[in-house]
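Here's the letter readout for the chains.
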Amino acid sequence: MNLMTNAIEAIQVGVEDYKNGSRRRLLASVRNVYAGLLLFYKEALRRKSPPRSDEVLVKAQVKFQKNPSGQIVAIGTGRKTVNVHQIRERFSSLGIKTDWQKFKKVSSVRNDIEHYYPCINAEALQSVIANAFVLLRDFIAKELREDPMCLLGETTWDEMLQIAEVYQAERKACEETMESIDWNSPILSEAVKNLYCAECGVDLLSAIPVNSPRDEVSLKCRACGNGETAEDLIPRAISDELSWEQYLSFTDGNEFPYVSCPECSIEAYIISEEKCAYCDHEATHICIRCGDNILPEELDSSPLCGWCAYMINKND
Ligand SMILES: [Zn+2]
Ligand SMILES: [Zn+2]
Ligand SMILES: [Zn+2]
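Residues numbered from 1 in each chain as written. Chains lettered and ligands numbered in written order. Predicted model: local features only at pLDDT ≥ 70, side-chain atom pairs only at ≥ 80, totals over all residues. Heavy atoms only, no water.

When helices and strands are counted, the protein shows 11 helices and 8 strands. Counting only C-alpha atoms, the protein reaches 70 × 65 × 30 Å along its principal axes. Looking at the protein alone, contacts between residues at least 24 apart form 54% of all its contacts between residues at least 6 apart. Of the roughly 15900 Å² of accessible surface on the protein, 47% is carried by carbon and sulfur atoms. Across the protein, 35 positive and 48 negative side-chain charges occur, with their mean positions spaced 10 Å apart. (Helix = DSSP H or I, 4+ residues; strand = E, 2+ residues; numbered from the N terminus. Contact = heavy atoms within 4.5 Å. Areas by Shrake-Rupley, 256 points an atom, 1.4 Å probe, with all protein chains shown as cover. Lys, Arg positive; Asp, Glu negative; His and termini not counted. Charge placed at Lys NZ, Arg CZ, Asp CG, Glu CD.)

The following block contains the structure:
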């Protein structure tokens, strides 16, 4: 398969679709740009695959074989290629870098687009093209060591650059409103900046009113007008920001990065900050009976650990 040619063409066609501007083509534009990005990621994996491994790093399934000299080698098998999670895992173990927060902004629109289709417009898609532009510019130059403008062609490049500039100005205005709020949590204040609209997936959210207390703030989407209150946006921002850590807690048995707050019950209690990002509640993390650390999933029984709470209830 010629990944590189497919990747370039997907982006070029995606930008043409965007310029055409009809609703059907806008939908195609998001799909093409997203597909193009993934193909560039796969190209990086293909290049790192050892010779005679059937492009093992690009394949979803891997089998092991003995080569003629008796060594065990990994060989790609089947037709299925890696999914996004696999790409991310392989990038992280191979030291290939891309901005996953930005990638998520593209994929969120891609995932929400069917549902959002009735009110889609060209402005709403600027974020996809603009974020993809920045991702491609950095990834192609730094990881593939090629010139992104030569690769994508001057027409496509200029078009993307113009869209990105308009979008950057909008984005900056949004970020300023976010910075006017005292989020009182480093993770949350980072999370709201990376947040995208729950309705349309676009990352053009303004905090209103500016300078308001955290629990009274709402977000308004500049692309589709959707509004969201603090009670909804705070847990959503946290689950989004910490989704990779959450994923690792399931796959690698790491500690949960956040849990539902023992005080307000909102899924906003950040373990590393030992505090609820919604109501500021600070639970006791050391069991008062046995002195052990209380596991995140047992914070409900704080100031006792799960075991001590069980023992006390049993003796009642
Ligand atoms: Zn929206
Ligand atoms: Zn709380
Ligand atoms: Zn205990």
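It is worth spelling out the side chain of S29 at this point. Along the chain, S29 falls in helix 2 (residues 23–48). Owing to a relative accessible area of 2%, S29 belongs among the buried residues under this scheme. When neighbours within four sequence positions are excluded, S29 is seen to be in contact with G14, D17, Y18 and I129. (Buried < 20%, exposed > 50% of the residue type's maximum accessible area, 1.4 Å probe, protein only.)

It is worth spelling out helix 11 (residues 306–315) at this point. Among the residues of helix 11, those classed as buried are C308, A309 and M311. Projected onto a plane normal to the axis of helix 11, the buried residues spread over an arc of 160° and lie on a single side. In helix 11, the exposed positions that point more than 90 degrees away from the buried face belong to W307, N313 and K314. (Arc of directions from axis to C-beta.)

This part takes up the environment of C308. If you trace the backbone, C308 turns up in helix 11. Judged by relative accessible area, C308 falls into the buried class, the value being 1%. Considering only alpha carbons, one finds C308 and E165, 143 residues apart in sequence, at a separation of 58 Å. Among residues more than four places away in sequence, those in contact with C308 are C287, R289 and C290.

Our next topic: the sheet that holds strand 6 (residues 258–259). Taken together, the 3 strands give an open sheet; going across it, the order is 6-7-8, and neighbouring strands pair in antiparallel fashion. Across the chains shown, the open sheet's two edge strands, defined by having one partner strand only, are strand 6 and strand 8 (275–276). Relative to strand 8, strand 7 (residues 269–270) runs antiparallel, the two sharing 2 bridges. Bridged to I270 within strand 8 is K275. (Pairing = 2+ DSSP bridges.)

Taken together, the protein donors to the zinc ion (ligand 2) comprise C261 (SG), C264 (SG), C276 (SG) and C279 (SG), at separations of 2.3 Å. Viewed at the metal, the 4 donor atoms of the zinc ion (ligand 2) are separated by angles of 106 to 114°, and the geometry they form is tetrahedral. Between the donor residues of the zinc ion (ligand 2), the gaps in sequence give the motif C-x2-C-x11-C-x2-C. Residue C264 is located in the loop between strand 6 and strand 7, and its partner C279 is located in the loop between strand 8 and helix 11; the two are separated by 15 residues in the primary sequence. When its relative accessible area of 30% is taken as the criterion, C279 is described as partly exposed. (Donors = N, O, S within 2.8 Å, 3.2 Å for Na, K, Ca; no water. Tetrahedral: all angles 85-135°; square planar, octahedral: opposite > 155°, others 65-115°.)

Turning our eyes to something else, we now look at the layout of surface pockets. Counted as a void, the largest pocket has a volume near 310 Å³. For the largest pocket, the lining is made up of 18 residues, of which V84, H85, K104, S107 and S243 are closest to its centre. Sorting the residues of the lining of the largest pocket by element identifies helix 3 (84–94), helix 4 (100–116) and helix 10 (243–251) as the ones contributing at least two each. Domain assignment of the residues forming the lining of the largest pocket places at least three in each of domain 1 (3–173) and domain 2 (180–283). (1 Å grid on protein atoms, 1.4 Å probe; cavity = no way out; pocket = protein on both sides within 12 Å on 5 of 7 lines; lining within 4 Å. Points joined across faces, edges and corners; volume = space filled by probe spheres on them. Domains from an automatic or database assignment.)

Before going further, it helps to spend a moment on the coordination of the zinc ion (ligand 1). On the protein side, the zinc ion (ligand 1) has C197 (SG), C200 (SG), C221 (SG) and C224 (SG) as donor atoms, found 2.3 to 2.4 Å from it. Classification of the site at the zinc ion (ligand 1) as tetrahedral follows from its 4 donor atoms and the range of 106 to 115° in their angles at the metal. Every donor residue of the zinc ion (ligand 1) comes from the same chain, spaced as C-x2-C-x20-C-x2-C. Of this pair, C200 sits in the loop between helix 8 (186–194) and strand 3 (205–208) while C224 is found in the loop between strand 4 (218–221) and strand 5 (227–229), placing the two residues 24 residues apart along the sequence. Judged by relative accessible area, C224 falls into the partly exposed class, the value being 28%.

Turning to the domain arrangement of the protein, a few remarks are in order. Each assigned domain of the protein is listed here: domain 1 (3–173), domain 2 (180–283) and domain 3 (284–316). Here domain 1 and domain 2 have C-alpha centroids that lie 27 Å from each other. In this assembly, 19 residues from domain 1 lie in contact with 19 residues from domain 2. Summing both partners gives a buried area of about 1800 Å² for domain 1 against domain 2, and 50% of it is carried by carbon and sulfur. (Buried area = accessible area lost by both parts, 1.4 Å probe.)

This brings us to the pattern of salt bridges. Pairing between side chains becomes possible if they bear opposite charge and their charged atoms approach one another. For the coordinates displayed, the defined rule picks out 15 salt bridges. Linking R25 and D17 is a salt bridge whose minimum nitrogen-to-oxygen distance equals 2.5 Å. (Salt bridge = Lys/Arg side-chain N within 4 Å of Asp/Glu carboxyl O.)

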